[in-house]
Each structure stands twice: as C-alpha cells, then as structure tokens.
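For reference, the chains in residue letters:
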Amino acid sequence: MPAIEVRHLSKTFEQKGNSVEALKDISLTIEEGDIYGIIGMSGAGKSTLVRCLNYLEKPTSGEVIVDGRELGTLSGRELRAQRSNIAMIFQNFNLLMQKNVIDNVCFPMQIQKVKKKDARGKALELLRTVGLSDKARAYPSQLSGGQRQRVAIARALASDPKILLCDEATSALDPQTTASILALLKEINQRLGITIVIITHQMSVIREICSHVAIVEQGQIAEQGLVEEIFNHPRSKVARSLILGDRAEGSWEGNPEASSTAGRAPGEKDLECKTLLGDRKLRIVFSENSAFEPVIANMVLKFGVPVNILRADTKNVGGFAKGEMILGLPPERELWAEMEAYLVEKGLEIEEVTEDVEQ
C-alpha cells in the first residue's frame, strides 16, 4: 500500500471575484519509506500541493489517500488524528522563540498529553539523534540556521510520524549546512523508515536525497519518475531547464577534457574558436563505463575538427557520481550525425540542448 496517493487533485482559490487555479488534475503515488521530491519554479503550485497532502488546504476536487484512508471522507476528529502521523518542517523553522530547545521539542508531546518526564526523556533522545544534545537549554535566537532546522526536525519526530513533509526546508541555508541537513534526513529515513516528501526549487536537493521526483509547472505535473531516469532523459522543457540550471560546486578539475575548447591550438583564444562552432548543442551524460576514457579528445582526433565544451561538471544522483557535459558541435553539419553516433557507441547518454547555455 502506498504511503500517499493523489488522484486527479485540483485546487482553485477565489480572490476578489476571480478564480485562480493553483493545481490542475495532479496524480502521483509515493511509496512507503520513499524519499520523494516535488520540484518547480516559484509559483508553480508545489507548496499548495504539499499543504493538500495533509489537508491544511482542502482540494477543490480529487482525492488524497494517506495510509489507505481518503482524507476527504474523514471527520474533523479523524482528520486531526490522521495528521498526527504527518509531520511538517518549513523554510523559516517555525520554532517558539520564547521557549528553549528542549521545550520546543516537547511541545507536540505536551499537546498529546504525554507525561512531562517521559516527554523530556524522549526530547533528549531526539536531540541526540539530530546532534544537538548540548543545546537543550539554548534558545532559538542563540542557534544558527542549520541548528534551528535540526531542532525543527527533532520536534517533528516527537509525534512518531509515518510521513515527514519538508517545505523548502533547506532554502534558507548555505550549501554546506544544506548538505548536513539532507544527510540527517537520509539517515532518519533509513533508520526509522519514515516516508519523506521534499518540496524544493533546487535540483541539487532532489539529486542528493530523492529516489523519485515530480516536476510541477503552472499547477500541473510536467514529468515524474525516477530521479536518475529524469536526469539522464528529461522529456519536458521545464525538466531540461532545471537540470541545465543546476550547477555543481565542482567542475571536473583535473579532467583533461574540461577545458573551454577541445582540439584548439595552444594559445588560441576562446573567442576565435567560437566563430568556428555551429549552433548544435548536445548534453551528454557519462556512464561508469565511459567516465574514464577521453571520449571527446578521441572524437576530435577522429573527425579532425574542434568541439566546444560549454559546461562540464559532476553531480551526485542518488548517491552515485554522474558526469555531464554540454558540447557545441562544429559548423560542419554533415558530421553531426556521425559524431552523435560515435558518442552513443561509446556508451554516452545524449540529447539536444535548445536553451542558451552560459559559459
């Protein structure tokens, strides 16, 4: 049984006599124990979607089925009980600033009428889980952003949820802190078996932690599936845009092919070589079998013409390193089909790039 199933969900807001359709016929399935990503640009509808998953926003139509129960059929009391199995963390942490860390973690247990001694014991255990056992008496104002988010995670776990919804939970954090929070979420998923739904506009977050992803554009699902499959073969324009706009911090330092132009003469300027290049751009993804062979350099030698490397970097996709390049092919169009066939023969995933690529 899936942890969450969404069937033909739509949400319309009425604003001053106007109707705004935020979500349109959304259907997706999130399996139990999965880390599922929902990504889209600002205003795409992803935050509205996540609020519909626990009925903080009631859909205009469609069904949300959690743990086999359709939320729209539940009474108010039943819905509140079901929500206790669905915890949520936010971009701005939502901590109680007048309470210290341990009291923040105890707060949901206080609402559930858990005995104070038992609540504090569990809170201390959760603080150890998130690496903050030494901050129990501190106040949120004394913590860094990453520490505040760890407190928020500990508080979310206090009610023993089966599902954890993360709405832009790392957007306010620097890259290093983001990586540590994602590692913590992955550990929690593996150790406790909690299903995690990540809402984000950052493709790097999806790559790092998620196994499946749904891409939302203008309130609709543009594409969904395995993260690795979408990274290798994006079908929609928005997926390609998100992937191409996703720059890793490293850029293949030490790779002899990751220069501005392959096959140019020593000392030749980039600008001079660019005038030789055509308008055909390819995105290629290196597999394990092709990552260590100088494929591009060998192709230049084989065909006797230069190619432009517009971008080259490595990215972590589901815990595995994936190499990626954007190539600008030469103006000799009669060579394009042969060069593409050569790349495929060498085990590379390729696709044409139609968007502009910054160098």
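Structure shown above.
Procedures and definitions
Residues numbered from 1 in each chain as written. Predicted model: local features only at pLDDT ≥ 70, side-chain atom pairs only at ≥ 80, totals over all residues. Heavy atoms only, no water. Helix = DSSP H or I, 4+ residues; strand = E, 2+ residues; numbered from the N terminus. Buried < 20%, exposed > 50% of the residue type's maximum accessible area, 1.4 Å probe, protein only. Areas by Shrake-Rupley, 256 points an atom, 1.4 Å probe, with all protein chains shown as cover. Pairing = 2+ DSSP bridges. Axes fitted to C-alpha atoms, helices over the stretch in contact; angles between N-to-C directions. Left-handed = near helix turned anticlockwise from the far one by under 90°. Contact = heavy atoms within 4.5 Å. Nonpolar A, V, L, I, M, F, W, Y, C, P; charged D, E, K, R; others polar. Phe/Tyr/Trp six-rings, centres within 6.5 Å; stacked < 30°, edge-to-face > 60°. Lys NZ or Arg CZ within 6 Å of the ring centre and 35° of its normal. Salt bridge = Lys/Arg side-chain N within 4 Å of Asp/Glu carboxyl O. Expected span 1.5 Å × (residues − 1). Arc of directions from axis to C-beta. Polar contact = N/O pair within 3.5 Å; in protein donor to acceptor, adjacent residues only side chain to side chain.

Engineer: In this structure, what is going on with the overall build of the protein? I would like to understand it.
Structural biologist: Looking only at helices and strands, the protein features 12 helices and 15 strands. Classification of the 359 residues of the protein by burial places 48% in the buried group. For the protein, the exposed surface amounts to about 17600 Å²; the carbon and sulfur share of it is 47%.

Engineer: Explanation requested: the pairing of strand β3 (residues 35–39) in the structure shown.
Structural biologist: Counting buried residues along β3, five of its five residues qualify, which places the element largely inside the surrounding structure. Here β3 shows a buried face lined by I35, G37 and I39 and a second buried face lined by Y36 and I38. Strand direction decides the pairing type here: β3 and strand β8 (residues 195–200), joined by five bridges, are parallel. Its bridge partner being in β8, Y36 is matched across the sheet by V197. By the bridge criterion, four bridges tie β3 to strand β9 (residues 212–217) in an arrangement that is parallel. Among the inter-strand pairings, G37 is bridged to a residue of β9, identified as V213.

Engineer: In this structure, what is going on with the packing of helix α11 (residues 295–303) against helix α12 (residues 336–345)? I would like to understand it.
Structural biologist: Packed helix pairs are characterised by how far apart their axes lie and by the angle those axes make with each other. Relative to each other, α11 and α12 sit at 140°, their axes nearing to 11 Å. At the point where α11 passes α12, the crossing takes the right-handed sense. Between α11 and α12, the contacting residues are V295, I296, N298, M299, K302 and F303 on the first element and E338, M339, Y342 and L343 on the second. Classifying every residue of the contact of α11 with α12 gives seven nonpolar, one polar and two charged.

Engineer: What is the right way to look at the packing of aromatic side chains in this model?
Structural biologist: Geometrically, a pair of aromatic rings is defined through the distance of the ring centres and the angle of the planes. By the definition in use, this model includes one aromatic pair. Here the aromatic rings of F303 and Y342 are separated by 6.1 Å at their centres, their planes lie at 90°, and the arrangement is edge-to-face. Highlighted residues: F303 in helix α11 and Y342 in helix α12, separated in sequence by 39 residues. By relative accessible area, F303 is classed as buried at 16%. Judged by its relative accessible area of 10%, Y342 is buried. The lysine or arginine in question, R283, covers the ring of F231, its NZ or CZ lying 4.6 Å from the ring centre.

Engineer: For this particular structure, what's the right way to read the sheet that holds strand β2 (residues 18–30)?
Structural biologist: Read from one edge to the other, the open sheet built from four strands follows the order β2-β1-β4-β5, with strand pairing classed as antiparallel. Sheet topology places β2 and β5 (69–70) at the edges, where each strand pairs with a single neighbour. Pairing of strand β1 (residues 4–15) with strand β4 (residues 61–66) involves five bridges; the strand directions are antiparallel. Bridge assignment links V6 to a residue of β4, and that residue is V64. Contacts from helix α1 (residues 46–53) reach β1, β2 and β4 within the one sheet, and its direction differs from that of β2 by about 65°.

Engineer: Which parts of the structure should I look at to understand the pattern of salt bridges?
Structural biologist: A side chain with one charge can pair with a side chain of the opposite charge if their charged atoms come near. As enumerated under the stated definition, the model contains 14 salt bridges in all. A salt bridge links E57 to R51; the nearest nitrogen and oxygen atoms lie 3.9 Å apart. Look at R51 and you get partly exposed, because its relative accessible area is 30%. Among the ionic pairs, R120 bridges to D103, the shortest N-O distance being 3.2 Å. Of this pair, R120 sits in helix α4 (residues 116–129) while D103 sits in helix α3 (residues 101–111), and the two are 17 residues apart along the sequence.

Engineer: Explanation requested: the sheet that holds strand β7 (residues 163–167) in the structure shown.
Structural biologist: Sheets are built from strands that pair by backbone hydrogen bonding, the pairs being arranged parallel or antiparallel. On the basis of which strands lie adjacent, the open sheet formed by six strands has the order β6-β7-β8-β3-β9-β10 and mixed pairing. Looking along the sheet, the strands with just one partner apiece sit at the ends: β6 (86–90) and β10 (220–226). Between one strand axis and the next, the sheet turns by 15° as a mean value, whatever way the strands run. Along the sheet, α1 contacts β3, β6, β7, β8 and β9; its crossing angle with β8, the most-contacted strand, is approximately 155°.

Engineer: Got a minute to help me understand the environment of D25 in this structure?
Structural biologist: Relative to the helices and strands, D25 is located in strand β2. Separated by 36 residues in sequence, D25 and S61 have C-alpha atoms that sit 8.6 Å apart. Among all residues touching D25, those that are not within four sequence positions of it are H8, L9 and S10.

Engineer: Help me understand helix α6 (residues 175–192), please; the structure alone is not making it clear to me.
Structural biologist: Side chains three or four residues apart in an α-helix point the same way, a direct result of the helix having 3.6 residues per turn. In this model α6 runs 25 Å from its N-terminal to its C-terminal C-alpha over 18 residues, within 8% of the 26 Å that 1.5 Å per residue would give. Of all the residues in α6, the buried ones are T177, T178, I181, L182, L184, L185, I188 and N189. Down the axis, α6 shows its buried residues gathered within 155° of arc, on one side only. Exposed and oriented more than 90 degrees from the buried face of α6 are P175, Q176 and Q190. Packing partners of the buried residues in α6 comprise β3, α4, α5 (145–157), β7, β8 and α7 (203–209). Residue D174 occupies the N-cap position of α6, its side-chain oxygen lying 3.1 Å from the main-chain nitrogen of Q176.

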